[in-house]
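These are the residues of each chain, in order.
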Amino acid sequence: MNVKQLAAEKAVEYVEDGMKIGLGTGSTAYWAIRKLGERVQQGLKITAVATSRASEEQARELGIPLVAFGDVDHLDLTIDGADELDGRLQLIKGGGGALLREKIVAMGSTRMIVVADESKAVETLGKFPLPVEIVPFAWEWTVAELAKQGCKPELRRSGDELYKTDNGNYIADCRFEAIASARELAMSLHGIPGVVEHGLFIGIADLAIIGKKDGSIEIVEGESNL
Ligand code: 5RP
């Protein structure tokens, strides 16, 4: 049983003819895009905006009609994965490095469904190092400022090179262990010059679809829906 596939395919059931869809990034979003591709081949009419080059390539290969974010006035639904989610549907995202585009696309959507396997569900966010996208200029200073927030930041690498996002920036993975207030931390991070965006998604996800090893699915409503 592939639990990521289970959750992702359930989310695709929420997609209807005529919708404008945000396509997430990562190994769970992959299954959602694959299923969407199948439905498009069966006649579903949608347009989509991708959150990364990888998702764009996958969607193009499957024949999903793609448009640029600037060419749509809004998106109806974004389906994306997460690295961690808590009971209030606060998320850590960016393990795949696409957090900036993912946040823009999710916030530009009427609804966001997060798809995950049960290992991603946590009581307190922070075991997963929080990805923070930073500009290359003076990155050493920005990383030192991040450390003052009470974390151990580590610049992400890709082999021998520093990892670069689709936007040409770096990622600092910030190990907090436990984030007491995601909302307060989010505000502090935005106060640091050099920080482009962080992977805390607060009040953005409307629904979580969580696949479980026993083959069941748990559906959790976000606070905005309660
Ligand atoms: C990419 C992301 C992904 O959604 C997140 O890393 C989860 O990935 P996966 O589904 O592969 O576990 O935020 O930037």
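Quick caveat: nothing in here was measured; it's all calculated off a predicted structure. (Residues numbered from 1 in each chain as written. Predicted model: local features only at pLDDT ≥ 70, side-chain atom pairs only at ≥ 80, totals over all residues. Heavy atoms only, no water.)

**Quick word on the environment of K127**
Structurally, the position occupied by K127 is in the loop between β6 (109-117) and β7 (130-134). Along the backbone, K127 and I179 are 52 residues apart, and their C-alpha atoms lie at a distance of 8.5 Å. Once you skip the residues sitting within four places of it in the chain, K127 turns out to touch E84, R175 and E177. A distance of 3.0 Å separates the side chain of K127 from the side chain of E177, its partner in a polar contact. (Helix = DSSP H or I, 4+ residues; strand = E, 2+ residues; numbered from the N terminus. Contact = heavy atoms within 4.5 Å. Polar contact = N/O pair within 3.5 Å; in protein donor to acceptor, adjacent residues only side chain to side chain.)

**A look at the domain arrangement of the protein chain**
Splitting the protein chain by domain gives domain 1 (3-120 + 202-225) and domain 2 (130-197). Placing a centre on the C-alpha atoms of domain 1 and another on those of domain 2 gives a separation of 24 Å. The interface of domain 1 with domain 2 comprises 14 residues on the first partner and 15 residues on the second. Overall, the association of domain 1 and domain 2 removes approximately 1200 Å² of surface from exposure, summing both partners, and the carbon and sulfur fraction of that is 56%. Looking only at domain 1, the three residues that lose the most surface to domain 2 are L99, L100 and I202, adding up to 40% of its buried area. (Domains from an automatic or database assignment. Buried area = accessible area lost by both parts, 1.4 Å probe.)

**Thoughts on helix α3 (residues 53-62)**
Those residues of α3 that fall on the buried side of the exposure criterion are S55, Q58 and A59. Take α3 and look down its axis: the buried residues cluster within an arc of 95°, on one side only. In α3, the exposed positions angled more than 90 degrees off the buried face are occupied by R53, E57, R60 and E61. Where α3 is buried, its residues contact β1 (20-23), α2 (29-41) and β2 (47-50). Downstream of α3 by a residue or two, G63 has a phi angle that is positive, lying close to 80°. (Buried < 20%, exposed > 50% of the residue type's maximum accessible area, 1.4 Å probe, protein only. Arc of directions from axis to C-beta.)

**A short note on the site of the ligand**
Contacts to the ligand come from 17 residues, most closely from S27, T28, D83, G94 and K120. T28 has a polar side-chain atom sitting 2.5 Å from an oxygen atom of the ligand. Contacts to the ligand include K93, whose side-chain N or O atom sits 2.9 Å from an oxygen atom. Within the complex, 92% of the 380 Å² of free accessible area of the ligand lies under protein. Taken together, the residues of the shell around the ligand sort by class into two nonpolar, nine polar and six charged. (Near = heavy atom within 4 Å. Areas by Shrake-Rupley, 256 points an atom, 1.4 Å probe, with all protein chains shown as cover. Nonpolar A, V, L, I, M, F, W, Y, C, P; charged D, E, K, R; others polar.)

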